[in-house]
Amino acid sequence: MSIVYKEKEEQFHLHTRNTSYIIEVLEGRYPVHAYWGRKLRFTDRTGLVDLREVCSFSPNPLDSNKTLSFDTMPREYPDYGRSDYQSPALSITDSSGSHLIDPVYDSFRIEEGRSLPQGMPGCRLTADDGCDTLVLTLRDSILDLYIDLYYSVSEEYDVIIRRTEIRNCGNKPVTLNKVLSSTVDFYGDSDFEVMNLYGAWTRERQVSRIPIGRSGHLVDSKRGASSHEQNPFLALLRPETDEFSGDVYSMSLVYSGSFMAEAAVNSYGKTRMQIGLQEIDFQWQLEPSGSFTTPEALLVFSPDGLNGMSGIYHRLFRERLCPAPWSKRERPVLMNNWEATYFDFNEEKIKALIDEGHSLGMELFVLDDGWFGRRDSDASGLGDWFTNLQKLPGGLKSLSDYAHRKGMQFGLWFEPEMISPDSDLYRSHPDWCLHVPGRYRSEGRNQLVLDMGRQEIQDYLYGSIAAILSENGIDYVKWDMNRNITEAGSAALPSERQKETSHRYILGLYSLMDRLVNEFPEILFESCSGGGGRFDPGMLYYMPQTWTSDNTDSYERLFIQWGTSYLYPPVTMGAHVSEVPNHQVKRITPIETRGNAAMSANLGYELDLMKLLPEEREKVAKQVEFYKKIRRTIQFGDFIRLLPPSSDRGTAWMTVSDDGAEVLVFYFGHLLRPNDLGCRLKLRSLDTDRLYMTEDGEKYYGSELMYAGISLPPLDCDFDSRLIRLQAI
Ligand code: GLA
């Protein structure tokens with residue numbers, strides 16, 4: 001049983017395969033956090049949190065017990081307004097204007113399996129995954145407001161999933177100002193470093209790791225999307241933690257909109273870590289009998305360093321977050337015409353690219369931006385989801401038939417959430433975009449954002465997209481989103497609900513995606529937001545892969561894919577070979593290295609294949625052929641980071657197939673150096689006594705590869721790379 005209630009001690013012991021998480025109810029009133037870490041058993045005793053009386057500046061909520069102050073108490077779900085001066089998980093305003101609330105332990109229940117948050121994505125774990133759910137209910141007696149804390153515990157997947165539900169059983173409305181999904185307070189423990197994944201457009205998910213110190217850390221997005229700038233993820237690590245050993249405590253939010261994650265140590269050395277919806281563009285009017293549910297937060301602890309943490313997320317995301325039909329299905333080698341043609345294409349050009357891609361072994365052709373409305377540049381057309389017959393006189397169907405006749409699949413780009421002011425849709429519905437009456441509507445890439453919370457807009461998009469998908473034999477969709485939200489107001493909401501607009505946007509987006517992916521389960525959906533501006537677990541629930549970055553330079557991609565891999569497995573990452581000089585950074589790198597970087601994830605090609613030199617053509621054909629042989633391992637094996645891109649010896653990672661029989665080692669040099677003795681790379685996760693053979697027939701024991709390391713062949717030029725395939729014999 002993954003959840004044990006100890007009645008006498010008033011404790012809840014949650015156990016995953018390798019982790020324990022323990023909650024104790026103090027004074028019959030306050031659920032406090034007693035432990036999170038390696039799996040353990042406590043003897044039957046109470047007082048796991050050793051609270052002590054402190055000074056008068058930390059007032060006591062109960063006359064009867066002076067050792068209690070919220071300032072020191074590691075509460076499971078902290079509010080604000082009494083003696084907890086750290087950032088709260090919950091902030092409300094009641095109908096009298098007061099923000100006080102006193103949530104006191106009310107009851108608990110344990111459910112088999114788990115339910116997902118209403119209308120939101122989440123991990124599809126069931127009782128068969130050794131998953132049960134504890135619901136701890138707190139109640140404020142004056143407002144008759146209930147707070148349900150959900151903890152789903154999966155032994156098999158080694159994860160604890162938290163979310164919060166607020167129910168208004170009183171007879172007055174309550175305004176929710178901040179409702180986070182999860183808080184963990186570490187009592188008397190502040191020996192941490194904070195890790196997060198930051199970035200910008202074309203520079204997503206770089207790694208930041210700094211000592212926690214004594215000031216607060218805020219990792220957030222206010223952009224209406226999870227963003228290029230910060231991923232909805234935060235980890236606390238011990239200073240000695242590295243890729244292979246040491247404790248990691250992490251939270252990842254299954255949400256695609258604005259979010260916040262916080263870490264801070266208070267004056268008593270209590271560390272608070274929490275994650276949930278962003279507070280600045282959020283407020284929710286909770287009417288009597290109404291309820292509100294937060295997105296879910298995934299809590300992963302690993303005693304085996306960062307690779308240990310990533311391994312847990314990777315398996316969970318692959319098998320229980322991404323849509324079930326895709327959890328084991330191999331992804332096709334695709335070609336995309338964006339960097340090949342941009343908006344400048346016609347039927348003939350597309351057919352020629354299809355011919356060329358087909359002869360090189362590619363399996364899916366993706367027609368990117370520009371096939372619809374009057375869209376010859378980014379200045380017009382978004383929202384008009386009908387084929388541009390001037391550009392494509394035969395229509396989409398003839399192109400998809402053309403690809404299908406060759407045995408290739410056919411995919412299409414959409415940017416459903418946007419509207420160009422120069423579009424028929426905007427001319428007929430100027431109030432469908434997010435805006436505040438009388439205020440300027442800021443454009444980004446000449447476009448405005450649709451108010452996705454509105455049912456009629458979701459219905460319009462559903463109708464027009466579903467028609468195109470079903471009438472034209474579409475096998476794949478790239479779902480893009482190319483600007484962030486501004487002026488988040490809705491023409492459909494009353495004034496007191498305007499601050500609900502951003503969250504309603506995400507709920508509306510989820511509802512639309514849910515309808516479409518359920519209607520078309522055979523279509524492979526890939527999400528995108530100017531590359532990886534919305535690479536988050538929320539999107540992965542609907543769409544099993546994401547275009548990792550608009551930056552296709554193979555050296556920059558090492559940093560981006562390395563950072564992305566902390567949470568997201570290679571099968572969720574789109575990676576394309578593009579032309580040189582690279583369009584984003586003008587760098588020239590060898591075609592082999594562009595191939596190796598892209599082959600580390602879901603391989604695609606995004607360049608004008610007609611311009612390939614004969615020797616390049618030959619190399620591309622070989623890459624595609626080789627990738628098909630190794631893709632099962634790449635897409636469904638265990639990925640391990642070895643040498644970071646920040647190292648001066650190059651970057652390395654490896655993947656081991658799920659049966660352990662195939663091992664792929666990727667090594668990327670950066671700049672060549674004189675008198676270089678090369679590098680011995682120590683592999684991981686192999687069977688010590690098994691023999692492994694390279695493609696050249698060289699044999700090694702697992703112990704040799706792991707403890708002595710493999711000597712990497714000398715590199716021939718800057719940005720050269722090697723892919724070594726080993727097979728167990
Ligand atoms: C975004 C995407 C690109 C491409 C363009 C088309 O920038 O990330 O891959 O689809 O839009 O406009």
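All residue numbers here refer to positions counted from 1 along the written sequence of the relevant chain. At least 70 in pLDDT is required for a residue's local features to be given in this predicted model, at least 80 for side-chain atom pairs to be given and counted, and no such filter applies to totals for whole chains, interfaces and linings, which use all residues. Heavy atoms from the whole structure form the basis of all side-chain values; hydrogens and water molecules are not counted.

Draft legend 1. View of the overall build of the protein chain. For the protein chain, the count of helices and strands is twelve helices and 38 strands. Scaling as 2.2 N^0.38, a compact globule of 729 residues should have a C-alpha radius of gyration of about 27 Å, and the protein chain matches this with 27 Å. Along the longest, intermediate and shortest principal axes, the C-alpha atoms of the protein chain span 85 × 70 × 45 Å. Classification of the 729 residues of the protein chain by burial places 63% in the buried group. For the protein chain, the exposed area adds up to about 26,200 Å²; of that, 48% sits on carbon and sulfur atoms. If the 78 positive side-chain charges of the protein chain are averaged to one point and the 106 negative ones to another, these points end up 1 Å apart. Counting from the N terminus, the helices are DSSP H or I runs at least four residues long and the strands are E runs at least two residues long. With C-alpha atoms as the basis for the radius of gyration, the globule rule is written as 2.2 Å multiplied by the number of residues raised to the power 0.38. Only protein chains enter the area calculation, which uses a 1.4 Å probe; residues under 20% of their type maximum are buried, those over 50% are exposed, and those in between are partly exposed. Areas reported as accessible are Shrake-Rupley estimates using a 1.4 Å probe. Residue values count occlusion only from the protein chains shown. A positive count includes Lys and Arg, and a negative count includes Asp and Glu. His and the chain ends are not counted in either. Charge positions are represented by NZ for Lys, CZ for Arg, CG for Asp and CD for Glu.

Draft legend 2. Representation of the pattern of salt bridges within the structure. Should a side-chain nitrogen of Lys or Arg be within 4 Å of a carboxyl oxygen of Asp or Glu, the pair is scored as a salt bridge. One pass over the structure, following the stated rule, counts 55 salt bridges. Between Arg29 and Asp102 there is a salt bridge, with the nearest N and O atoms lying 3.5 Å from each other. Of this pair, Arg29 sits in the loop between strand S3 (19–26) and strand S4 (30–38) while Asp102 sits in the loop between strand S5 (90–93) and strand S6 (104–112), placing them 73 residues apart in sequence. The exposure class of Arg29 is partly exposed, given its relative accessible area of 26%. Asp102 sits in the partly exposed class, given a relative accessible area of 25%. With a shortest N-O distance of 2.7 Å, Arg82 and Asp102 are connected by a salt bridge. Placement of the pair is Arg82 in the loop between S4 and S5 and Asp102 in the loop between S5 and S6, with a sequence separation of 20 residues. Of the residues examined, Arg82 reaches a relative accessible area of 21% and is grouped as partly exposed. One salt-bridge network, in which partners are shared between bridges, spans Arg29, Arg75, Asp79, Arg82, Asp84, Asp102, Asp185, Lys270 and Arg272.

Draft legend 3. The environment of Arg329, seen in detail. For Arg329, the position within the fold is in the loop between helix H1 (305–321) and strand S21 (334–336). For the pair Arg329 and Asp687, spaced 358 residues apart in sequence, the C-alpha separation works out to 27 Å. The residues touching Arg329, leaving out its near neighbours within four places in the chain, are Glu522, Gln635 and Phe636. Contact between two residues is taken to exist if any of their heavy atoms lie within 4.5 Å; hydrogens are not considered.

Draft legend 4. Spotlight on the sheet that holds strand S30 (residues 602–605). Only when DSSP finds a minimum of two bridges between them are two strands counted as paired. Strands sit in the order S21-S22-S23-S26-S27-S28-S29-S30 around a closed barrel of eight strands; the barrel is parallel. Pairs of neighbouring strands in the sheet enclose a mean axial angle of 30°, with direction left out of account. Pairing between strand S28 (residues 545–547) and strand S29 (residues 573–577): two bridges, direction parallel. Among the inter-strand pairings, Trp547 is bridged to a residue of S29, identified as Gly574. In this description, a line fitted to the C-alpha atoms serves as the axis of each element, helices being fitted only across the stretch in contact, and the angle between N-to-C directions of two axes falls anywhere from 0 to 180 degrees. On the sheet, helix H4 (residues 395–405) packs against strand S22 (364–367) and strand S23 (409–414) and is oriented at approximately 145° with respect to S23. Taken strand by strand, helix H9 (residues 554–564) contacts S28 and S29, and its axis lies near 165° from that of S29.

Draft legend 5. Geometry of the site of the ligand. Any residue with a heavy atom lying within 4 Å of a molecule or strand is counted as near it. Near the ligand there are 13 residues, and of these Asp368, Asp369, Arg445, Lys478 and Asp550 occur at the shortest range. Polar contacts here mean pairs of N or O atoms no more than 3.5 Å apart (in protein, one a potential hydrogen donor and the other a potential acceptor; neighbouring residues in sequence count only if both atoms are side-chain atoms). Between the ligand and Arg445, the relevant distance is 2.9 Å, taken from an oxygen atom to a side-chain nitrogen or oxygen of the residue. A total of 310 Å² of accessible area belongs to the ligand in isolation, and the protein chains cover 95% of it. Note on residue classes: Ala, Val, Leu, Ile, Met, Phe, Trp, Tyr, Cys and Pro are nonpolar, Asp, Glu, Lys and Arg are charged, and everything else, Gly too, is polar. Counted by class, the shell around the ligand contains four nonpolar, three polar and six charged residues.

Draft legend 6. A look at unusual backbone geometry. A cis amide bond, omega -10°, links Val580 with the succeeding residue Pro581. Summarising the element assignment, Pro581 is placed in the loop between S29 and helix H10 (591–599). A positive phi angle is found at Glu27, which is not glycine, with a value near 55°. Mapped onto the elements of the fold, Glu27 is located in the loop between S3 and S4. Judged by relative accessible area, which is 44%, Glu27 ranks as partly exposed.

Draft legend 7. A look at the domain arrangement of the protein chain. When the domains of the protein chain are assigned, the result is domain 1 (89–316), domain 2 (325–547) and domain 3 (651–728). Domain start and end points were adopted from an automatic or database domain assignment. Look at where the C-alpha atoms of domain 2 and domain 3 centre, and you get two points 40 Å apart.

Draft legend 8. Representation of the nonpolar core within the structure. Buried residues of nine kinds, namely Ala, Val, Leu, Ile, Met, Phe, Trp, Tyr and Cys, make up a nonpolar core once their side-chain atoms join them within 4.5 Å. Leu176, Met362, Leu367 and Trp371 are the most contacted members of the largest nonpolar core, which totals 176 residues. With sequence-adjacent residues up to four places away left out, Leu176 is seen in contact with Ser91, Ile92, Ile166, Phe282, Gln283, Trp284, Leu286 and Phe292. Counting residues in hydrophobic clusters, the runner-up holds 23 residues, among them Ala652, Leu686, Tyr692 and Ile710.

Draft legend 9. Region of the structure containing the packing of aromatic side chains. Between rings of Phe, Tyr and Trp, where Trp is taken as its six-membered ring, a pair exists when centres lie within 6.5 Å; planes separated by under 30 degrees are stacked, by over 60 edge-to-face, and by other angles tilted. Tallied over the entire structure, the rule returns 38 aromatic pairs. Ring centres of Tyr35 and Phe42 lie 6.0 Å apart, and the angle between their planes is 85°; on these two criteria the pair is classed as edge-to-face. The interplanar angle of 50° and the centroid separation of 5.8 Å between the aromatic rings of Phe639 and Trp653 together place this pair among those described as tilted. Highlighted residues: Phe639 in strand S31 (residues 638–643) and Trp653 in strand S32 (residues 651–656), separated in sequence by 14 residues. A residue is classified by how much of its surface remains accessible, and Trp653, at 1% relative accessible area, is buried. Chaining the aromatic ring pairs together yields one cluster made of Tyr21, Trp36, Tyr151, Phe186, Phe192, Tyr249 and Phe301.

Draft legend 10. Molecular detail of the pairing of strand S1 (residues 3–6). One ladder, built from four bridges, connects S1 with strand S2 (residues 11–15); its direction is antiparallel. By the bridge assignment, Val4 is partnered in S2 with His13. In textbook terms, the turn of a hairpin is the stretch between consecutive antiparallel strands, and for S1 and S2 this stretch comprises four residues, one of which, Glu10, has a positive phi near 50°.

Draft legend 11. Molecular detail of the pairing of S22. Neither face of S22 is exposed, since Leu364 and Val366 on one face and Phe365 and Leu367 on the opposite face are all buried. Bridge analysis of S21 against S22 gives three bridges, and the strand direction is parallel. Bridging across to S22, Leu334 finds its partner in Leu364. Bridging between S22 and S23 involves four bridges; their strand directions are parallel. The partner of Leu367 across the bridge, within S23, is Leu412.

Draft legend 12. Representation of the side chain of Thr183 within the structure. Residue placement: Thr183 occurs in strand S10 (residues 174–186). With relative accessibility at 0%, the residue Thr183 sits in the buried group. For Thr183, the side chain forms a polar contact with the side chain of Gln274, separated by 2.8 Å.

Draft legend 13. Fine view of helix H11 (residues 614–636). Spanning 23 residues, H11 covers 33 Å between terminal C-alpha atoms, matching the ideal 33 Å at 1.5 Å per step. Working definition for bend: take the seven residues up to and ending at a residue and the seven starting at it, fit an axis to each, and measure the angle between the axes. Of all the bends in H11, the greatest, near 60°, is centred on Ile630. Buried residues of H11: Val620, Gln623, Val624, Phe626, Tyr627, Ile630, Arg631, Thr633, Ile634, Gln635 and Phe636, and no others. Every helix has an expected span of 1.5 Å times one less than the residues it contains.

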